[in-house]
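Geometric and topological summary
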Amino acid sequence: MRILIIAVLFSLITSCAIAEQKSICTSPLSVHDVMKALVETGTNKIWRAQEVNSDEQWAELRYAAVSIIAGGDLISHGGAGKNDCDWAATTEWQKENSDMITAANDALSAIEKKDLDALSEIGSMALYSPCENCHRLFLKR
Ligand code: HEC
């Protein structure tokens, strides 16, 4: 009886460990789809913002920044593409991705202050570098 209990406990513990490992990378979306649907769409709106005259335009920019943050959050756990889980397991991936999320958060603050100069500066510097860096590291693998 005792052996049986131990055996049951052991199998529970090991199956939990396996389940935990798998749960890290189970996104239904590929990195590629997240890039196109959330990250590219969001950054294009921020990069193209030149004159912002209405509250609606500011609100749209706000959601653009939110899309980038959401995309970054998704791909920090990998994705459904062939290499996505392996990419997300690297420190380089995590670093570039968190730089992108930080920049998008800074963009969000600038948008909330309706500070277009700050937004352009963040867009062309802090938000642009992680795209370049991460693509240089992973895009052609
Ligand atoms: C953490 C890494 C990472 C960051 C940061 C990142 N990307 Fe990507 N991006 C990728 C990878 C990897 C791919 C290729 C995915 C694939 O095809 O499987 C990609 C693909 C893309 C694509 C599609 C390219 C194509 O040929 O279809 C676009 C567009 C894109 N990224 C835009 C951006 C922009 C804009 C930013 C910055 C705001 C950015 N990405 C930041 C990793 C990243």
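Summarised in this report is the structure supplied together with it. (Residues numbered from 1 in each chain as written. Predicted model: local features only at pLDDT ≥ 70, side-chain atom pairs only at ≥ 80, totals over all residues.)

**Regarding the nonpolar core**
Taken as a class, soluble globular proteins show a tendency for nonpolar side chains to be buried jointly. If you look at the biggest cluster of nonpolar residues, it comprises 23 residues, and the most contacted ones within it are Ile46, Ala65, Ile68, Ala104, Ala107 and Ile111. For this core, the secondary-structure elements that each account for two or more residues are α2 (31–48), α3 (55–75), α5 (91–112) and α6 (116–124). The element contributing the most residues to this core is α5, with eight residues. (Core = buried A, V, L, I, M, F, W, Y, C linked by C-beta atoms within 7 Å. Buried ≥ 20, exposed ≤ 12 C-beta atoms within 10 Å, placed from the backbone. Helix = DSSP H or I, 4+ residues; strand = E, 2+ residues; numbered from the N terminus.)

**A few points about the site of the ligand**
Not every one of the 20 residues close to the ligand is listed here, only the nearest: His32, Met35, Asn97, Cys131 and Cys134. When residues of the shell around the ligand are traced back to their parent elements, those giving at least two are α2, α5 and α7 (128–138). Take the shell around the ligand: its biggest share by element is seven residues, from α2. When grouped by side-chain class, the residues that make up the shell around the ligand number 12 nonpolar, five polar and three charged. (Near = placed C-beta within 6 Å. Nonpolar A, V, L, I, M, F, W, Y, C, P; charged D, E, K, R; others polar.)

**Considering the packing of α2 against α3**
Look at α2 against α3: their axes get within 8 Å of each other, and the N-to-C directions meet at 150°. What the angle tells us is that α2 and α3 run roughly antiparallel. Note on packing geometry: the crossing formed by α2 with α3 is left-handed. Packed against α2, whose contacting residues are Val31, Val34, Leu38, Val39, Thr41, Gly42, Thr43, Lys45 and Ile46, the element α3 presents Glu60, Leu61, Ala64, Ala65, Ser67, Ile68, Ala70, Gly71, Leu74 and Ile75 at the interface. Class assignment for the residues of the contact of α2 with α3 results in 12 nonpolar, five polar and two charged. (Axes fitted to C-alpha atoms, helices over the stretch in contact; angles between N-to-C directions. Parallel < 35°, antiparallel > 145°, perpendicular 65-115°, else oblique. Left-handed = near helix turned anticlockwise from the far one by under 90°. Contact = placed C-beta atoms within 7 Å.)

**Examining the environment of Leu119**
The residue Leu119 is located in helix α6 in this model. Classification of Leu119 as buried rests on a count of 25 C-beta atoms within 10 Å. Between the C-alpha atoms of Leu119 and Ala49, which are 70 residues apart in sequence, the distance is 8.7 Å. Other than its neighbours up to four places away in sequence, Leu119 contacts Ile46, Ala49, Ala107, Ala110 and Ile111.

**Section: α5**
An α-helix turns once every 3.6 residues. As a result, residues three or four positions apart point the same way. A rise of 1.5 Å per residue sets the reference length of α5, with its 22 residues, at 32 Å; its end C-alpha atoms lie 31 Å apart and thus fit the reference within 8%. Of the positions making up α5, those classed as buried are Trp93, Glu96, Asn97, Met100, Ala103, Ala104, Ala107, Leu108, Ala110 and Ile111. Seen along its axis, α5 keeps its buried residues to an arc of 165°; they face one direction. The exposed residues of α5 that point more than 90 degrees off its buried face are Thr91 and Glu112. Within two residues after α5, Lys114 carries a phi angle of roughly 55°, on the positive side. (Expected span 1.5 Å × (residues − 1). Arc of directions from axis to C-beta.)

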